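# Remarks on the overall topology
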Amino acid sequence: MSASGGVVRRSLLDDLATSMLTLIEERKLAPGDQFEAVRSLAERFKVAVPTVREALRRLEATGAVELRHGSGVYVGPNVGRLVLANPLALAPSPDRLVELLQARALIEPPVAALAARTRAETALEQMAKDLEAAAELIASGDHAQLAEVNMDFHRSLAQASGNATLAEVVESVTVVNAREQLEILHIHGDRQADLDEHRAIYDAIRSGDPDLAELLTREHLDGVLAVINEKLQQP
């Protein structure tokens, strides 16, 4: 690997970043594990230290690695992900928010059906915890935190499917509109009804009823979408 005229070509950085990810995979490193030092990586791949740092910064932007000042390079939480949300995305416009909700209404119901068939236990336990947390937050009136917990519930639901790629797709879409979820709560209004719908979805998944889980998830998201559409059409 080499750079020409002092300008590091994009293809070189892409290749270097990919080689680092391959090295992490070969060593079976997990998130939080310490990775090889920058100078060692430069020697391994026969490139300059600044080039290694630039490639690492690219990986850091995706959450694949973490650069800790004075400590070194560590494997990040997103190292094995195939699908990522854009961390620098602007807040969606009203039309874009509707599109995101439409996407969720198409994606999540069949994922809920798969979750009812698979019932990954750890994710089911997290769904139950999310429901308990939501009930407590409704009682305390902490609506900002409630929005985050509601998003966590939908992520846990996707993880219960046992399909990591589907879970990443659902998470990427929910992350994009997480900032708008609080506004959705304000518009939707009935937080207890929202919680009751989540509980019904959980019960269907827990009991292994894919048809009911899919139906309830579709009705839940279609209901939210209908309220948002109605609100946006008001002068």
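The present account deals with the structure reproduced in this document. Predicted model only: the values in this text are computed from it and were never measured.

Calculation rules
- Residues numbered from 1 in each chain as written.
- Predicted model: local features only at pLDDT ≥ 70, side-chain atom pairs only at ≥ 80, totals over all residues.
- Heavy atoms only, no water.
- Helix = DSSP H or I, 4+ residues; strand = E, 2+ residues; numbered from the N terminus.
- Buried < 20%, exposed > 50% of the residue type's maximum accessible area, 1.4 Å probe, protein only.
- Pairing = 2+ DSSP bridges.
- Core = buried A, V, L, I, M, F, W, Y, C linked by side-chain atoms within 4.5 Å.
- Contact = heavy atoms within 4.5 Å.
- Arc of directions from axis to C-beta.
- Salt bridge = Lys/Arg side-chain N within 4 Å of Asp/Glu carboxyl O.

Attention shifts here to unusual backbone geometry. If you check the backbone angles, Lys28 has positive phi at about 55° while not being a glycine. Tracing the sequence through the fold places Lys28 in the loop between α1 (10-26) and α2 (38-45). With relative accessibility at 72%, the residue Lys28 sits in the exposed group. Notably, Lys46 is not glycine yet its phi reads approximately 55°, a positive angle. Among the secondary structure elements, Lys46 is positioned in the loop between α2 and α3 (49-62).

In this section: the pairing of strand β2 (residues 72-75). Successive side chains on a regular strand alternate, one facing one side of the sheet and the next facing the other. Pairing between strand β1 (residues 65-68) and β2: four bridges, direction antiparallel. Considered in β2, the bridge of Arg68 is made with Gly72. If you look at the hairpin formed by β1 and β2, you'll find three residues sitting between the two strands, and Gly70 has a positive phi there, around 80°.

Moving on, we get to the nonpolar core. The biggest cluster of nonpolar side chains holds 25 residues, and the ones touching the most others in it are Met127, Leu157 and Ile205. Breaking this core down by element, the ones donating at least two residues are α4 (94-118), α5 (121-140), α6 (143-159), α7 (164-176), α9 (191-206) and α10 (210-233). With residues up to four places along the chain from it excluded, the contact list for Ile205 reads Ala112, Ala115, Ala116, Arg119, Leu124, Met127, Leu157 and Ala213. In this structure, Leu16, Ala17, Leu23 and Leu41 belong to the second largest nonpolar core, which totals 21 residues.

When α2 is considered as a whole, its buried residues turn out to be Val38, Leu41, Ala42 and Phe45. Projected onto a plane normal to the axis of α2, the buried residues spread over an arc of 105° and lie on a single side. Exposed and facing more than 90 degrees away from the buried side of α2 are Arg39 and Glu43. Positive backbone phi, at 55°, marks Lys46, one or two positions downstream of α2.

Let us look at the pattern of salt bridges. Side-chain pairing between opposite charges can occur once the charged atoms of the two side chains come close. Using the criterion set out here, one finds ten salt bridges in the structure. Here Glu121 makes a salt bridge to Arg206, at a shortest N to O gap of 3.2 Å. With Glu121 in helix α5 and Arg206 in helix α9, this pair connects stretches of sequence that are 85 residues apart. Assessed through its relative accessible area of 38%, Glu121 is described here as partly exposed. Taking the shortest distance from any N to any O, the salt bridge between Glu214 and Arg218 comes out at 3.2 Å. Here Arg218 and Glu214 lie together in helix α10, a separation of four residues that amounts to about one turn. Look at the salt bridges and you will find they share partners, linking Arg27, Glu36 and Arg44 into a network.

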